[in-house]
Amino acid sequence: MKPTRLSTLFSIAVVTAVAGFAFDAVLASRQSPTLLLAVPLGITLAFIGVAVVLMARPVRRHAREGAGRQRPVDPLYATRVVVLAKASSICGVLFGGFAIGLVVYLLTRSVTPSLGSTLPNVVVVGGGIVLTVCALVAERMCIAPPSDDDEPGDPRNGTTAN
């Protein structure tokens, strides 16, 4: 599995930010109240990010110690953590990008919005950023160093002979 590309995450963030902006614009054009995300959502996103990093720590510890360990790391556990980290980075960007669109719409209005209507969305933006960064760190923590059996030029390990 290849690491998550930052260009992919950036593209998702732009698309969801535009969607959040457009959603709030449609609500305002229909004279409905704009969308207000909940503060606990942002806090929960941040806690999930921390949990993903904590789940990746045993994999990193096993990868660093290598052959000195009596039991190898469970490959299914390591795979699950990597997949969870990849999914978490995408979810963090989805929530954060959408919330950025909502915040930008509120701040571009002719009337300055109250803190009570912007702060919850800003908290969700922060939670999305924390989740994305933590997920990317956890994903990098699960990368195993090349073993002694890997030869340069072996297409399985991604290296080429010089």
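These numbers were taken from a predicted model, which means no experiment stands behind them. (Residues numbered from 1 in each chain as written. Predicted model: local features only at pLDDT ≥ 70, side-chain atom pairs only at ≥ 80, totals over all residues. Heavy atoms only, no water.)

J.: Where do I start with the nonpolar core in this structure?
T.: When a protein is soluble and globular, its nonpolar side chains tend to lie buried together. V52, V53, A56, V59, A78, V81, V82, A85, C134, A138, M141 and C142 form the largest nonpolar core, which has twelve residues in total. Going through the elements one at a time, α2 (39–65), α3 (75–107) and α4 (115–141) are the ones with two or more residues in this core. Setting aside its immediate chain neighbours within four residues, A138 contacts V52, V53, A56 and A85. (Core = buried A, V, L, I, M, F, W, Y, C linked by side-chain atoms within 4.5 Å. Buried < 20%, exposed > 50% of the residue type's maximum accessible area, 1.4 Å probe, protein only. Helix = DSSP H or I, 4+ residues; strand = E, 2+ residues; numbered from the N terminus. Contact = heavy atoms within 4.5 Å.)

J.: What's the story with the pattern of salt bridges in this structure? I'm lost.
T.: Side chains bearing opposite charge may pair, as long as their charged atoms lie close to each other. One pass over the full model with this rule turns up one salt bridge. A salt bridge links K86 to E139; the nearest nitrogen and oxygen atoms lie 4.0 Å apart. Of this pair, K86 sits in helix α3 while E139 sits in helix α4, and the two are 53 residues apart along the sequence. Taking the relative accessible area as the measure of exposure, K86 reaches 23% and is therefore partly exposed. (Salt bridge = Lys/Arg side-chain N within 4 Å of Asp/Glu carboxyl O.)

J.: Quick question: what am I supposed to make of the packing of α2 against α3 here?
T.: How two helices pack is summed up by the angle between their axes together with the distance between the axes. Running from N to C, α2 and α3 cross one another at 155 degrees; their axes reach a closest spacing of 10 Å. Judged by the inter-axis angle, α2 sits roughly antiparallel to α3. Helix-helix and strand crossings are classified by hand; for α2 and α3 the assignment is left-handed. When α2 is examined against α3, the residues L41, L45, V52, M55, A56, P58 and V59 are found in contact with a partner set consisting of Y77, A78, V81, L84, A85, S88 and F95. (Axes fitted to C-alpha atoms, helices over the stretch in contact; angles between N-to-C directions. Parallel < 35°, antiparallel > 145°, perpendicular 65-115°, else oblique. Left-handed = near helix turned anticlockwise from the far one by under 90°.)

J.: I keep staring at the packing of α3 against α4 and nothing clicks. Help me out?
T.: Following both chains from N to C, one finds α3 and α4 inclined at 155 degrees, their axes separated by 7 Å at the closest point. Judged by the angle between their axes, α3 and α4 are roughly antiparallel. Note that α3 runs across α4; the crossing there is left-handed.

J.: Can you help me understand α2 in this one?
T.: Given 3.6 residues to a turn, an α-helix orients residues that are three or four positions apart in the same direction. Relative to the 39 Å expected for 27 residues at 1.5 Å per residue, α2 spans 40 Å between its end C-alpha atoms, a close match to the ideal helical length. Along α2, the residues classified as buried are G42, L45, A46, G49, V52, V53, A56, V59, H62 and A63. Lining the buried residues of α2 we find α3 and α4. (Expected span 1.5 Å × (residues − 1).)

J.: Is there a simple way to explain the environment of G92 in this structure?
T.: By the secondary structure assignment, G92 is in helix α3. Expressed as a C-alpha distance, the spacing of G92 and G127, which sit 35 residues apart in the sequence, is 7.5 Å. Other than its neighbours up to four places away in sequence, G92 contacts G128, L131 and T132.

J.: For this particular structure, what's the right way to read the confidence of the model for the chain?
T.: Do not read the fine detail of predicted coordinates wherever pLDDT is low. Averaged over all residues, the pLDDT of the chain equals 86, while 86% of them reach at least 70. The lowest-confidence element of the chain is α2, averaging 91 in pLDDT; the highest-confidence one is helix α1 (residues 6–29), averaging 95. (pLDDT = per-residue confidence, 0-100.)

J.: Help me understand a nonpolar patch on the surface in this model?
T.: On the surface, a cluster of nonpolar side chains totalling about 300 Å² of accessible area is made up of F10, V14 and V18. Of note, V14 is situated in helix α1. For V14, a relative accessible area of 40% translates into the label partly exposed. (Patch = residues over 30% accessible without salt bridge, like charges linked within 9 Å, V, L, I, M, F, W, Y side chains within 5 Å. Areas by Shrake-Rupley, 256 points an atom, 1.4 Å probe, with all protein chains shown as cover.)

J.: Even after reading the chapter, I still don't get the packing of aromatic side chains, so can you show me in this structure?
T.: For the structure on display, the rule yields two aromatic pairs. On the numbers, 5.3 Å between centres and 80 degrees between planes, the contact of F21 with Y105 is edge-to-face. Linking F21 in helix α1 with Y105 in helix α3, this pair joins segments that are 84 residues apart in sequence. Classification of F21 by relative accessible area gives partly exposed; the value is 32%. On the basis of relative accessible area, Y105 is assigned to the buried category, the value being 8%. (Phe/Tyr/Trp six-rings, centres within 6.5 Å; stacked < 30°, edge-to-face > 60°.)

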